[in-house]
Amino acid sequence: MPPDAGRAAEQVARQSYGKLIAFLAARSRDVPAAEDALSEALASALRVWPERGVPDKPEAWLLVAARRNLAQAARRRSVAANAQATISVAFEDAEERMNAAEKAVFPDERLKLLFACTHPAIDSSVHTALMLQTVLGIEAKTIARAFVVSPEAMGQRLVRAKMKIRDAGIPFAVPPRSALPERLAAVLSAIYAAYGLGWDGVDGEEERQALADEAIWLGRALLAVLPNEPEAIGLLSLILHCEARRNGRRDTDGRYVPLDEQNTVTWNAIMIAEADALLRKAGGFDRFGPFQCQAAIQSVHAARRLSGATDWQALATLYAALVMMKPTLGARVGQAAVIGRAASAAAGLEQLDRLDPRDVSAYQPYWAVRAFLLARAGDNPAAAEAYMTAIGLSDSPAVRDYLTGRLKQLPQAAPG
(Lines give C-alpha, C1' and ligand atoms only; values in the text may rest on other atoms or scores of the structure.)
Protein backbone atom coordinates (compact mmCIF):
# COMPACT_ATOMS: atom_id res chain seq x y z
CA MET A 1 0.00 0.00 0.00
CA PRO A 2 1.37 3.45 -0.86
CA PRO A 3 2.24 5.17 2.44
CA ASP A 4 0.11 8.20 1.49
CA ALA A 5 -3.04 6.10 1.16
CA GLY A 6 -2.62 4.39 4.52
CA ARG A 7 -1.69 7.65 6.20
CA ALA A 8 -4.68 9.45 4.69
CA ALA A 9 -7.07 6.73 5.87
CA GLU A 10 -5.57 6.77 9.35
CA GLN A 11 -5.73 10.56 9.55
CA VAL A 12 -9.34 10.90 8.45
CA ALA A 13 -10.33 8.08 10.80
CA ARG A 14 -8.65 9.83 13.72
CA GLN A 15 -9.94 13.30 12.90
CA SER A 16 -13.46 12.52 11.71
CA TYR A 17 -14.53 9.32 13.45
CA GLY A 18 -16.80 10.94 16.00
CA LYS A 19 -18.29 13.36 13.51
CA LEU A 20 -19.10 10.57 11.06
CA ILE A 21 -20.50 8.22 13.71
CA ALA A 22 -22.66 11.00 15.15
CA PHE A 23 -24.06 11.88 11.72
CA LEU A 24 -24.82 8.25 10.87
CA ALA A 25 -26.22 7.32 14.28
CA ALA A 26 -28.41 10.40 14.52
CA ARG A 27 -30.20 9.23 11.37
CA SER A 28 -30.25 5.49 11.89
CA ARG A 29 -30.79 5.65 15.69
CA ASP A 30 -28.46 2.64 15.82
CA VAL A 31 -24.95 3.28 17.16
CA PRO A 32 -23.58 -0.27 16.60
CA ALA A 33 -24.88 -0.26 13.02
CA ALA A 34 -23.26 3.13 12.41
CA GLU A 35 -19.96 1.85 13.80
CA ASP A 36 -20.10 -1.26 11.63
CA ALA A 37 -20.91 0.80 8.55
CA LEU A 38 -18.00 3.16 9.13
CA SER A 39 -15.62 0.28 9.86
CA GLU A 40 -16.54 -1.30 6.53
CA ALA A 41 -16.05 2.06 4.82
CA LEU A 42 -12.57 2.40 6.32
CA ALA A 43 -11.72 -1.13 5.23
CA SER A 44 -12.89 -0.25 1.71
CA ALA A 45 -10.72 2.86 1.75
CA LEU A 46 -7.67 0.78 2.58
CA ARG A 47 -8.46 -1.45 -0.43
CA VAL A 48 -9.52 1.20 -2.93
CA TRP A 49 -7.37 4.24 -2.23
CA PRO A 50 -4.02 2.59 -2.96
CA GLU A 51 -5.32 1.65 -6.44
CA ARG A 52 -7.33 4.72 -7.36
CA GLY A 53 -5.59 7.36 -5.29
CA VAL A 54 -6.69 9.25 -2.22
CA PRO A 55 -9.91 11.18 -2.99
CA ASP A 56 -9.88 14.95 -2.86
CA LYS A 57 -12.44 14.85 -0.05
CA PRO A 58 -11.68 11.69 1.97
CA GLU A 59 -14.18 12.50 4.73
CA ALA A 60 -16.97 12.82 2.17
CA TRP A 61 -15.87 9.56 0.50
CA LEU A 62 -16.13 7.73 3.82
CA LEU A 63 -19.52 9.25 4.52
CA VAL A 64 -20.89 8.10 1.18
CA ALA A 65 -19.47 4.60 1.65
CA ALA A 66 -20.74 4.34 5.22
CA ARG A 67 -24.21 5.53 4.23
CA ARG A 68 -24.30 2.90 1.51
CA ASN A 69 -23.19 0.22 3.99
CA LEU A 70 -25.83 1.34 6.47
CA ALA A 71 -28.55 1.12 3.83
CA GLN A 72 -27.40 -2.31 2.68
CA ALA A 73 -27.34 -3.59 6.25
CA ALA A 74 -30.85 -2.30 6.85
CA ARG A 75 -32.07 -4.08 3.72
CA ARG A 76 -30.51 -7.33 4.89
CA ARG A 77 -32.44 -7.22 8.13
CA SER A 78 -36.05 -8.25 8.43
CA VAL A 79 -38.11 -6.05 6.12
CA ALA A 80 -41.16 -6.43 8.31
CA ALA A 81 -39.38 -5.22 11.43
CA ASN A 82 -37.34 -2.49 9.80
CA ALA A 83 -39.34 -1.35 6.80
CA GLN A 84 -39.53 2.30 7.82
CA ALA A 85 -35.87 2.52 8.76
CA THR A 86 -34.87 0.84 5.52
CA ILE A 87 -36.92 3.24 3.41
CA SER A 88 -35.63 6.25 5.33
CA VAL A 89 -31.98 5.25 5.05
CA ALA A 90 -32.29 4.35 1.38
CA PHE A 91 -34.07 7.62 0.57
CA GLU A 92 -31.45 9.73 2.30
CA ASP A 93 -28.60 7.78 0.74
CA ALA A 94 -28.97 9.11 -2.78
CA GLU A 95 -29.41 12.71 -1.70
CA GLU A 96 -26.61 12.76 0.86
CA ARG A 97 -24.25 10.87 -1.41
CA MET A 98 -24.49 13.71 -3.90
CA ASN A 99 -24.33 16.49 -1.31
CA ALA A 100 -21.43 14.96 0.59
CA ALA A 101 -19.41 14.19 -2.49
CA GLU A 102 -19.89 17.67 -3.92
CA LYS A 103 -19.54 19.75 -0.77
CA ALA A 104 -17.74 17.53 1.75
CA VAL A 105 -19.80 19.36 4.36
CA PHE A 106 -22.36 17.79 6.66
CA PRO A 107 -23.90 18.67 10.01
CA ASP A 108 -21.77 18.00 13.06
CA GLU A 109 -24.00 15.98 15.36
CA ARG A 110 -21.43 15.11 18.03
CA LEU A 111 -23.09 17.20 20.71
CA LYS A 112 -26.40 15.44 20.10
CA LEU A 113 -24.68 12.05 20.32
CA LEU A 114 -22.99 13.16 23.54
CA PHE A 115 -26.36 13.87 25.15
CA ALA A 116 -27.66 10.52 23.89
CA CYS A 117 -24.70 8.75 25.52
CA THR A 118 -25.44 10.44 28.85
CA HIS A 119 -29.21 9.89 28.82
CA PRO A 120 -30.76 8.96 32.21
CA ALA A 121 -32.02 5.68 30.73
CA ILE A 122 -28.40 4.53 30.45
CA ASP A 123 -26.55 3.42 33.58
CA SER A 124 -24.68 6.49 34.81
CA SER A 125 -21.54 4.42 35.47
CA VAL A 126 -21.06 3.95 31.72
CA HIS A 127 -21.91 7.49 30.53
CA THR A 128 -18.32 8.69 30.25
CA ALA A 129 -16.95 5.46 28.81
CA LEU A 130 -19.71 5.37 26.19
CA MET A 131 -19.00 8.92 25.13
CA LEU A 132 -15.28 8.26 24.93
CA GLN A 133 -15.74 5.37 22.54
CA THR A 134 -18.74 6.52 20.51
CA VAL A 135 -18.07 10.22 20.14
CA LEU A 136 -14.26 10.13 20.20
CA GLY A 137 -13.43 6.64 18.95
CA ILE A 138 -11.28 5.57 21.92
CA GLU A 139 -10.62 1.83 22.04
CA ALA A 140 -12.33 -0.20 24.76
CA LYS A 141 -8.99 -1.41 26.14
CA THR A 142 -7.78 2.17 26.61
CA ILE A 143 -11.02 3.14 28.33
CA ALA A 144 -10.83 0.01 30.48
CA ARG A 145 -7.34 0.96 31.62
CA ALA A 146 -8.54 4.44 32.60
CA PHE A 147 -11.47 2.99 34.57
CA VAL A 148 -9.40 0.17 36.08
CA VAL A 149 -11.59 -2.65 34.76
CA SER A 150 -10.89 -5.51 32.36
CA PRO A 151 -11.27 -4.82 28.62
CA GLU A 152 -13.82 -7.65 28.42
CA ALA A 153 -16.02 -6.14 31.15
CA MET A 154 -15.78 -2.67 29.61
CA GLY A 155 -16.61 -4.04 26.16
CA GLN A 156 -19.73 -5.73 27.48
CA ARG A 157 -20.89 -2.57 29.25
CA LEU A 158 -20.43 -0.52 26.09
CA VAL A 159 -22.30 -3.00 23.93
CA ARG A 160 -25.25 -3.05 26.35
CA ALA A 161 -25.34 0.75 26.48
CA LYS A 162 -25.35 1.09 22.69
CA MET A 163 -28.16 -1.44 22.42
CA LYS A 164 -30.08 0.59 25.01
CA ILE A 165 -29.81 3.72 22.86
CA ARG A 166 -31.29 1.82 19.92
CA ASP A 167 -33.91 -0.26 21.69
CA ALA A 168 -35.19 2.51 23.98
CA GLY A 169 -35.37 5.02 21.13
CA ILE A 170 -33.20 7.53 23.00
CA PRO A 171 -33.35 10.83 21.09
CA PHE A 172 -30.30 12.40 19.49
CA ALA A 173 -30.91 15.95 20.60
CA VAL A 174 -29.85 18.59 23.08
CA PRO A 175 -32.58 18.29 25.74
CA PRO A 176 -34.97 21.14 26.58
CA ARG A 177 -33.81 23.61 29.23
CA SER A 178 -36.12 22.07 31.84
CA ALA A 179 -34.22 18.78 31.59
CA LEU A 180 -30.73 20.27 31.46
CA PRO A 181 -29.80 20.39 35.16
CA GLU A 182 -29.95 16.61 35.55
CA ARG A 183 -28.25 15.99 32.22
CA LEU A 184 -25.57 18.67 32.11
CA ALA A 185 -23.36 17.31 34.91
CA ALA A 186 -22.89 14.00 33.09
CA VAL A 187 -22.02 15.73 29.82
CA LEU A 188 -19.52 18.06 31.48
CA SER A 189 -17.86 15.15 33.28
CA ALA A 190 -17.64 13.15 30.05
CA ILE A 191 -15.98 16.01 28.17
CA TYR A 192 -13.49 16.55 30.99
CA ALA A 193 -12.71 12.84 31.11
CA ALA A 194 -12.02 12.96 27.38
CA TYR A 195 -9.61 15.82 27.90
CA GLY A 196 -7.98 13.88 30.74
CA LEU A 197 -7.26 10.98 28.39
CA GLY A 198 -5.89 13.43 25.84
CA TRP A 199 -3.69 14.86 28.58
CA ASP A 200 -1.83 11.62 29.20
CA GLY A 201 -4.10 8.62 28.78
CA VAL A 202 -3.44 7.43 25.23
CA ASP A 203 -0.27 6.42 23.46
CA GLY A 204 1.52 8.89 21.22
CA GLU A 205 1.71 12.67 21.32
CA GLU A 206 -0.25 13.06 18.08
CA GLU A 207 -3.12 10.92 19.42
CA ARG A 208 -3.16 12.80 22.72
CA GLN A 209 -3.24 16.17 20.99
CA ALA A 210 -6.05 15.08 18.67
CA LEU A 211 -8.14 13.88 21.62
CA ALA A 212 -7.47 17.05 23.60
CA ASP A 213 -8.51 19.11 20.57
CA GLU A 214 -11.73 17.08 20.29
CA ALA A 215 -12.54 17.72 23.95
CA ILE A 216 -11.92 21.44 23.53
CA TRP A 217 -14.17 21.44 20.46
CA LEU A 218 -16.93 19.72 22.44
CA GLY A 219 -16.52 22.26 25.23
CA ARG A 220 -16.84 25.14 22.79
CA ALA A 221 -19.80 23.52 21.03
CA LEU A 222 -21.58 22.99 24.33
CA LEU A 223 -20.96 26.59 25.34
CA ALA A 224 -22.31 27.82 22.00
CA VAL A 225 -25.58 26.01 22.75
CA LEU A 226 -25.64 26.97 26.45
CA PRO A 227 -23.90 30.37 26.66
CA ASN A 228 -25.36 31.21 30.09
CA GLU A 229 -24.49 27.99 31.91
CA PRO A 230 -21.66 28.92 34.31
CA GLU A 231 -20.44 25.34 34.74
CA ALA A 232 -20.16 24.91 30.96
CA ILE A 233 -18.13 28.13 30.92
CA GLY A 234 -16.07 26.89 33.84
CA LEU A 235 -15.31 23.60 32.12
CA LEU A 236 -13.95 25.32 29.02
CA SER A 237 -11.90 27.68 31.21
CA LEU A 238 -10.46 24.69 33.08
CA ILE A 239 -9.52 22.81 29.92
CA LEU A 240 -7.95 25.86 28.30
CA HIS A 241 -5.88 26.58 31.42
CA CYS A 242 -4.53 23.03 31.34
CA GLU A 243 -3.95 23.07 27.59
CA ALA A 244 -2.07 26.37 27.82
CA ARG A 245 0.67 24.58 29.80
CA ARG A 246 1.09 21.62 27.46
CA ASN A 247 4.47 22.75 26.14
CA GLY A 248 5.79 23.21 29.66
CA ARG A 249 5.16 19.65 30.80
CA ARG A 250 8.30 18.35 29.12
CA ASP A 251 11.76 19.88 28.91
CA THR A 252 13.80 20.03 25.71
CA ASP A 253 14.91 16.43 26.25
CA GLY A 254 11.34 15.18 26.74
CA ARG A 255 11.63 14.78 30.51
CA TYR A 256 8.55 15.34 32.68
CA VAL A 257 8.39 18.67 34.54
CA PRO A 258 5.90 19.08 37.44
CA LEU A 259 3.63 22.11 37.41
CA ASP A 260 5.40 24.17 40.07
CA GLU A 261 8.75 23.70 38.32
CA GLN A 262 7.61 24.54 34.78
CA ASN A 263 9.09 27.49 32.90
CA THR A 264 6.17 29.89 32.55
CA VAL A 265 7.65 31.27 29.32
CA THR A 266 6.53 28.05 27.64
CA TRP A 267 2.89 28.62 28.61
CA ASN A 268 0.40 29.96 26.06
CA ALA A 269 -0.44 33.45 27.35
CA ILE A 270 -3.25 33.99 24.84
CA MET A 271 -4.99 30.79 25.90
CA ILE A 272 -4.56 31.68 29.58
CA ALA A 273 -6.11 35.09 28.94
CA GLU A 274 -9.12 33.46 27.27
CA ALA A 275 -9.46 30.99 30.15
CA ASP A 276 -9.37 33.79 32.73
CA ALA A 277 -11.93 35.82 30.77
CA LEU A 278 -14.25 32.81 30.71
CA LEU A 279 -13.80 32.32 34.45
CA ARG A 280 -14.74 35.95 35.11
CA LYS A 281 -17.81 35.54 32.91
CA ALA A 282 -18.87 32.42 34.80
CA GLY A 283 -18.47 34.26 38.11
CA GLY A 284 -20.99 36.84 36.96
CA PHE A 285 -23.81 34.31 37.26
CA ASP A 286 -23.20 33.84 41.01
CA ARG A 287 -23.59 30.06 40.76
CA PHE A 288 -20.21 28.69 41.77
CA GLY A 289 -19.72 25.03 40.89
CA PRO A 290 -16.95 22.43 40.88
CA PHE A 291 -15.72 23.08 37.33
CA GLN A 292 -15.46 26.80 38.03
CA CYS A 293 -13.61 25.97 41.25
CA GLN A 294 -11.14 23.74 39.40
CA ALA A 295 -10.67 26.47 36.78
CA ALA A 296 -9.98 28.96 39.57
CA ILE A 297 -7.34 26.58 40.97
CA GLN A 298 -5.64 26.48 37.59
CA SER A 299 -5.89 30.27 37.33
CA VAL A 300 -3.98 30.62 40.60
CA HIS A 301 -1.25 28.39 39.19
CA ALA A 302 -1.24 30.44 35.96
CA ALA A 303 -0.74 33.66 37.96
CA ARG A 304 2.80 32.50 38.76
CA ARG A 305 3.85 33.70 35.32
CA LEU A 306 3.22 37.27 36.55
CA SER A 307 4.00 37.09 40.26
CA GLY A 308 6.84 34.58 40.15
CA ALA A 309 5.37 32.67 43.09
CA THR A 310 2.47 30.27 43.74
CA ASP A 311 -0.19 31.40 46.22
CA TRP A 312 -0.52 28.16 48.19
CA GLN A 313 -2.93 29.67 50.73
CA ALA A 314 -5.34 30.65 47.96
CA LEU A 315 -5.09 27.13 46.57
CA ALA A 316 -5.82 25.65 50.00
CA THR A 317 -8.97 27.75 50.24
CA LEU A 318 -10.14 26.73 46.77
CA TYR A 319 -9.43 23.04 47.40
CA ALA A 320 -11.45 23.21 50.62
CA ALA A 321 -14.37 24.54 48.58
CA LEU A 322 -13.89 21.90 45.89
CA VAL A 323 -13.87 19.05 48.39
CA MET A 324 -17.07 20.40 49.94
CA MET A 325 -18.78 20.44 46.54
CA LYS A 326 -17.27 17.31 45.03
CA PRO A 327 -15.21 15.17 47.41
CA THR A 328 -13.62 12.94 44.78
CA LEU A 329 -10.46 11.02 45.51
CA GLY A 330 -8.50 13.23 43.12
CA ALA A 331 -9.73 16.40 44.81
CA ARG A 332 -8.86 15.12 48.27
CA VAL A 333 -5.37 14.03 47.24
CA GLY A 334 -4.85 17.39 45.55
CA GLN A 335 -6.00 19.13 48.72
CA ALA A 336 -3.47 17.17 50.76
CA ALA A 337 -0.68 18.14 48.38
CA VAL A 338 -1.58 21.81 48.63
CA ILE A 339 -1.91 21.72 52.43
CA GLY A 340 1.53 20.14 52.50
CA ARG A 341 2.87 23.26 50.80
CA ALA A 342 0.64 25.89 52.43
CA ALA A 343 0.97 24.57 55.99
CA SER A 344 3.37 21.68 56.56
CA ALA A 345 4.23 18.25 55.25
CA ALA A 346 2.80 16.75 58.43
CA ALA A 347 -0.54 18.48 57.86
CA GLY A 348 -0.65 17.18 54.30
CA LEU A 349 0.16 13.66 55.43
CA GLU A 350 -2.59 13.90 58.02
CA GLN A 351 -5.04 14.63 55.22
CA LEU A 352 -3.81 11.63 53.25
CA ASP A 353 -4.14 9.38 56.30
CA ARG A 354 -7.87 10.15 56.42
CA LEU A 355 -8.44 8.43 53.09
CA ASP A 356 -9.67 4.85 52.93
CA PRO A 357 -6.69 2.54 52.22
CA ARG A 358 -8.88 0.50 49.88
CA ASP A 359 -9.50 3.56 47.72
CA VAL A 360 -5.88 4.62 47.41
CA SER A 361 -4.06 1.29 47.14
CA ALA A 362 -3.86 1.50 43.33
CA TYR A 363 -4.22 5.29 42.92
CA GLN A 364 -0.90 6.54 41.59
CA PRO A 365 -1.30 10.26 42.46
CA TYR A 366 -1.84 9.36 46.12
CA TRP A 367 1.48 7.54 46.31
CA ALA A 368 3.34 10.25 44.40
CA VAL A 369 2.00 12.95 46.75
CA ARG A 370 2.66 10.79 49.79
CA ALA A 371 6.24 10.19 48.71
CA PHE A 372 6.81 13.92 48.17
CA LEU A 373 5.40 14.85 51.57
CA LEU A 374 7.27 12.10 53.40
CA ALA A 375 10.49 13.31 51.83
CA ARG A 376 9.72 16.88 52.95
CA ALA A 377 9.02 15.54 56.43
CA GLY A 378 12.42 13.79 56.47
CA ASP A 379 11.09 10.23 56.57
CA ASN A 380 13.30 8.98 53.78
CA PRO A 381 12.73 5.20 54.11
CA ALA A 382 8.93 5.64 54.00
CA ALA A 383 9.29 8.13 51.16
CA ALA A 384 11.37 5.60 49.19
CA GLU A 385 8.69 2.93 49.61
CA ALA A 386 5.99 5.36 48.49
CA TYR A 387 8.05 6.45 45.49
CA MET A 388 8.52 2.85 44.38
CA THR A 389 4.79 2.23 44.64
CA ALA A 390 4.05 5.38 42.62
CA ILE A 391 6.60 4.32 39.99
CA GLY A 392 5.04 0.88 39.71
CA LEU A 393 1.55 2.35 39.26
CA SER A 394 2.52 4.95 36.65
CA ASP A 395 1.62 4.35 32.99
CA SER A 396 3.81 7.21 31.75
CA PRO A 397 7.50 6.47 31.07
CA ALA A 398 8.33 10.16 31.52
CA VAL A 399 6.62 10.30 34.92
CA ARG A 400 8.31 7.05 35.97
CA ASP A 401 11.70 8.50 35.05
CA TYR A 402 10.94 11.67 37.01
CA LEU A 403 9.87 9.75 40.12
CA THR A 404 12.88 7.47 39.82
CA GLY A 405 15.07 10.55 39.81
CA ARG A 406 13.39 11.84 42.96
CA LEU A 407 13.85 8.45 44.58
CA LYS A 408 17.58 8.47 43.80
CA GLN A 409 17.91 11.94 45.32
CA LEU A 410 16.82 10.67 48.75
CA PRO A 411 19.76 10.41 51.17
CA GLN A 412 18.85 6.79 51.89
CA ALA A 413 16.84 5.77 48.82
CA ALA A 414 16.57 2.09 49.62
CA PRO A 415 13.87 1.20 52.14
CA GLY A 416 15.03 -0.28 55.39
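Residues numbered from 1 in each chain as written. Predicted model: local features only at pLDDT ≥ 70, side-chain atom pairs only at ≥ 80, totals over all residues. Heavy atoms only, no water.

### Quick look at the confidence of the model for the protein chain
In plain terms, the rule: The score called pLDDT rates the predictor's confidence residue by residue, from a low of 0 to a high of 100. Throughout, a residue-residue contact means that at least one pair of heavy atoms, one from each residue, lies within 4.5 Å.
Confidence in the prediction for the protein chain averages 85 pLDDT; 89% of positions are at 70 or higher. In the predicted structure, residues 100-104 sits below a pLDDT of 50 and forms 13 contacts with residues beyond four places in sequence or in another chain.

### Regarding the packing of aromatic side chains
Each aromatic ring pair is described using two quantities: the centre-to-centre distance and the angle formed by the ring planes. Here is the rule we go by: Classification of ring pairs uses Phe, Tyr and Trp, with its six-membered ring standing for Trp, and accepts pairs whose centres are within 6.5 Å; under 30 degrees between planes counts as stacked, over 60 as edge-to-face, and the remaining range as tilted. Put simply, DSSP H or I for four residues or longer makes a helix, DSSP E for two residues or longer makes a strand, and each gets a number counted from the N terminus. Throughout, exposure labels follow a simple rule: accessible area from a 1.4 Å probe, protein chains only, divided by the maximum for the residue type, with under 20% read as buried, over 50% as exposed, and the rest as partly exposed.
Going through the model one piece at a time under the given rule, you end up with 4 aromatic pairs. With 5.8 Å between their ring centres and 85° between their planes, Y192 and F291 make a pair best called edge-to-face. With Y192 in helix α9 (residues 180-200) and F291 in helix α13 (residues 290-302), this pair connects stretches of sequence that are 99 residues apart. Overall, Y192 belongs to the partly exposed group, its relative accessible area being 26%. Where Y256 meets Y402, the ring centres are 5.2 Å apart and the plane angle is 70°; that geometry is what we call edge-to-face. In this pair, Y256 sits in the loop between α11 (230-244) and α12 (269-283) while Y402 sits in helix α21 (residues 397-409), placing the two residues 146 residues apart along the sequence.

### Describing the nonpolar core
Note the following rule: Residues enter a nonpolar core if they are buried and are Ala, Val, Leu, Ile, Met, Phe, Trp, Tyr or Cys, with the set joined through side-chain atoms within 4.5 Å.
L38, W49, M131, L136, I191 and L222 are the most contacted members of the largest nonpolar core, which has 96 residues in total. Among the elements that line this core, the one with the most residues is helix α1 (residues 3-28), at 12 residues. Ignoring anything within four residues of it in the chain, the contact list for I191 reads L114, M131, A215, L218, G219, L222, L235 and I239. In this structure, L349, A383, I391 and L410 belong to the second largest nonpolar core, which totals 24 residues.

### A look at the packing of helix α19 (residues 364-377) against helix α20 (residues 380-393)
To keep it simple, the criterion reads: Here an angle of 0 to 180 degrees is reported between the N-to-C directions of two axes, which are lines fitted to C-alpha atoms, with helices fitted over the stretch in contact. With respect to orientation, any angle under 35 degrees is reported as roughly parallel, any angle over 145 as roughly antiparallel, any angle of 65 to 115 as roughly perpendicular, and every other angle as oblique. A clockwise turn of the near helix away from the far one marks a right-handed crossing, whereas an anticlockwise turn of less than a right angle marks a left-handed crossing.
It is at 8 Å that the axes of α19 and α20 come closest, and there the two elements cross at 155°. Considering their axes alone, α19 and α20 lie roughly antiparallel with respect to each other. Read as a crossing pair, α19 and α20 show a hand that is left-handed. Residues Q364, W367, A368, R370, A371, F372, L374 and A375 of α19 form the contact with α20, whose own contacting residues are N380, A382, A383, A386, Y387, T389, A390 and L393.

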